[in-house]
Amino acid sequence: MTSTPGGCRLWEDWLHGSLGHLRDAQLLRTLRPTVWCNSSSKALIHRADLDAWAAGQAPVVRHYDDCALIAGSAAVVPTHSHSQLSTSSNARAAACVVRQYGDPDLTLPAVAAAAAEQPTAATTAGGAGCGCLAGGCSTSGRCPDCRQGSRSASGGASCSNCSGSGSGGSSSTGGSSGSSSSDPGDLVRLRLFSLNDYLGLASHPEVAQAAARVALRAGMGPRSSALVAGYTHSHRQLEEGLAALKGTQDCLLFPTGFAANLAIMTSLSYAAPAAVATAGASGSGSSSSGSSSSSGLAIYSDELNHASIIDGARLASRGGGGDNGAVQLHVYRHNDLAHLEELLAATPAGVRRLVVTDSLFSMDGDFADLRGLVALRRRQPFLLAVDEAHATLVCGEGGGGAAEALGVGHEVDLHVGTLSKAFGALGGFVACSSHFKSLLLNRGRALVYSTSLPLPTVEAAAAALRVSQRESWRRAHVWSLVRRLGEGLGVPALSPVVPLVVGPEGPTLDLSSRLLRAGLHVPAIRPPTVPAGTCRLRVSLSAAHSYDDVDELIGLVRQSGVPLVRLPHLLDPRAALPPPPPPVAFGPEATMMPYSRL
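About the thresholds
Residues numbered from 1 in each chain as written. Predicted model: local features only at pLDDT ≥ 70, side-chain atom pairs only at ≥ 80, totals over all residues. Heavy atoms only, no water. Helix = DSSP H or I, 4+ residues; strand = E, 2+ residues; numbered from the N terminus. Expected span 1.5 Å × (residues − 1). Buried < 20%, exposed > 50% of the residue type's maximum accessible area, 1.4 Å probe, protein only. Arc of directions from axis to C-beta. Contact = heavy atoms within 4.5 Å. Axes fitted to C-alpha atoms, helices over the stretch in contact; angles between N-to-C directions. Parallel < 35°, antiparallel > 145°, perpendicular 65-115°, else oblique. Left-handed = near helix turned anticlockwise from the far one by under 90°. Nonpolar A, V, L, I, M, F, W, Y, C, P; charged D, E, K, R; others polar. Pairing = 2+ DSSP bridges.

### So, helix α6 (residues 205–218)
A rise of 1.5 Å per residue sets the reference length of α6, with its 14 residues, at 20 Å; its end C-alpha atoms lie 20 Å apart and thus fit the reference within 8%. Restricting attention to buried positions, one finds in α6 the residues V207, A210, A211 and V214. Take α6 and look down its axis: the buried residues cluster within an arc of 90°, on one side only. Of the residues in α6, the exposed ones pointing more than 90 degrees away from the buried face are L216 and R217. On its buried face, α6 is in contact with α17 (455–470). A positive backbone phi angle near 65° is found at G219, which sits one or two residues after α6.

Printed below as a string of structure tokens:
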């Protein structure tokens, strides 16, 4: 801007200063587009974008034409229309820039001409029926070469169906300066240790078919709040299945797990009605001054809880529920139940007490001491809410979560979960009593004022639940990978989330970049997500990974020579679940999976 009004200039200075601070602290993040691939452990990425990513630079390929046949959503235009591209991308991105519809200089004749010059995605890929642009990578095992082919040092694969480094899929335009943006030669395969698809269900054929079937029959379903007209029998049946999984009376779906935690905190923060408050005061033998405290709430939150719990508790403590009584927020030291008991004991009589914790902590991979919490509340009564986002379907004999695995599921009042991790879909839920469901439905603003989940998402989650119960070997396999990684690197590995703690930002980013250049994506996690001085690579394991995948990760980390830090609290036996049962024998179905060579 050459001239800015005073108020706008203040915002401009603030914005540039904020971004500059993040950049200087090596905390500035950016989105990294990959090309879709029907896999729960792999993706495809343009070589120029991979190079830029590893160097810490912005993506250089604006849009890769991975699916030109779907409504003609994008078309290729010459690179010269994008002078802002970094010169470091040189010839690799030469003809791979795509302009989207709506761009003023992209006319319909230009789109038609560009599309006519491009081969279809299926033809260019050289593969058939695999669901992947480059022809492979399906976790359903449709392409055996995808799981058995040797990988190149650049992270690609020798399988011509699954990577551009093979001989298949040459560009129709030919020549180094005229390669099509759908040329699989531009792509390399990236193995992902960065997803939360713990059972590999996001790419399961049965899950995909369930979503596709209802999408063709009913589209996205009714687009309205659940309370208005967005609630269907599909939603109800999924809620019933989740309630059965958690052993509760009922369940309520939410747009996301974040929304579920937000709704719990704000709904429970409402002041008690006057009649209830008076009855509570007289019942406890308090004086009239106790009646005001009986309408209050005290929230006790583990210091390492997820951001959705933190934000929900903060909002509640600042009056986010509406008609609030006094809401006190207490943060207790991680898994320190002695500290929690001190805080509980100091709470005045008549104040409602809510203890909320993750069951599996998303950055450290350790577990809450749920048995200890249950024992504590026999001495200091409180309502117990447990967020099982990362543990549902992964832990427990039936996939009910850490509470089931520890035998205390019936002691939890509010089971929070998500459909976006082991379910491989999207959404959140709270499994609870029918009375709590009614309260959340009426006072949970994050639900009341949000559109209900689309039908394809609901049906996909329901299918994932059925598959997880039928194919229990998926849980056994992912836990065997947990043990293998922990033993191979000599680090505490307590769950499918394994932190490789390095410490400072610089070396952590360097190790992540080194793995990226080798074709493995293991994200670097930095403050404010984790405490300063504990930067780490967060390894996320999936049933879609093979032993070979994990062994290669172990080898590359060892070769780097970067020392790994063992966090003391991960060595506490209470941070782990009891040892899982020995792996079950794999049935005939398993031979079709990409990790059949176990």
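Further notes follow.
### Here we look at the packing of helix α2 (residues 47–54) against helix α19 (residues 505–517)
Contact geometry of α2 with α19 gives a least axis separation of 9 Å together with a crossing angle of 160°. The pairing of α2 with α19 is recorded here as roughly antiparallel in orientation. Note on packing geometry: the crossing formed by α2 with α19 is left-handed. Only S513, L516 and R517 of α19 make contact with α2, whose side of the interface consists of L50, W53 and A54. Looking at side-chain class alone, the contact of α2 with α19 contains four nonpolar, one polar and one charged residues.

### Focus on the sheet that holds strand β9 (residues 383–387)
Strand pairing in a sheet relies on backbone hydrogen bonds. The paired strands run either parallel or antiparallel. The sheet built from seven strands is open, its strands ordered β5-β11-β10-β9-β8-β6-β7 with mixed pairing. The strands lining the two open edges of the sheet, one partner per strand, are β5 (250–254) and β7 (327–332). Each strand of the sheet is rotated relative to its neighbour by a mean of 20°, with strand direction disregarded. Of the strand pairs in this sheet, strand β8 (residues 352–358) and β9 are connected by five bridges, and their pairing is parallel. Bridge pairing in β9 links L354 to L383. Helix α7 (residues 233–246) contacts β5, β10 (414–418) and β11 (428–432) of the sheet and is inclined by roughly 125° relative to β5.

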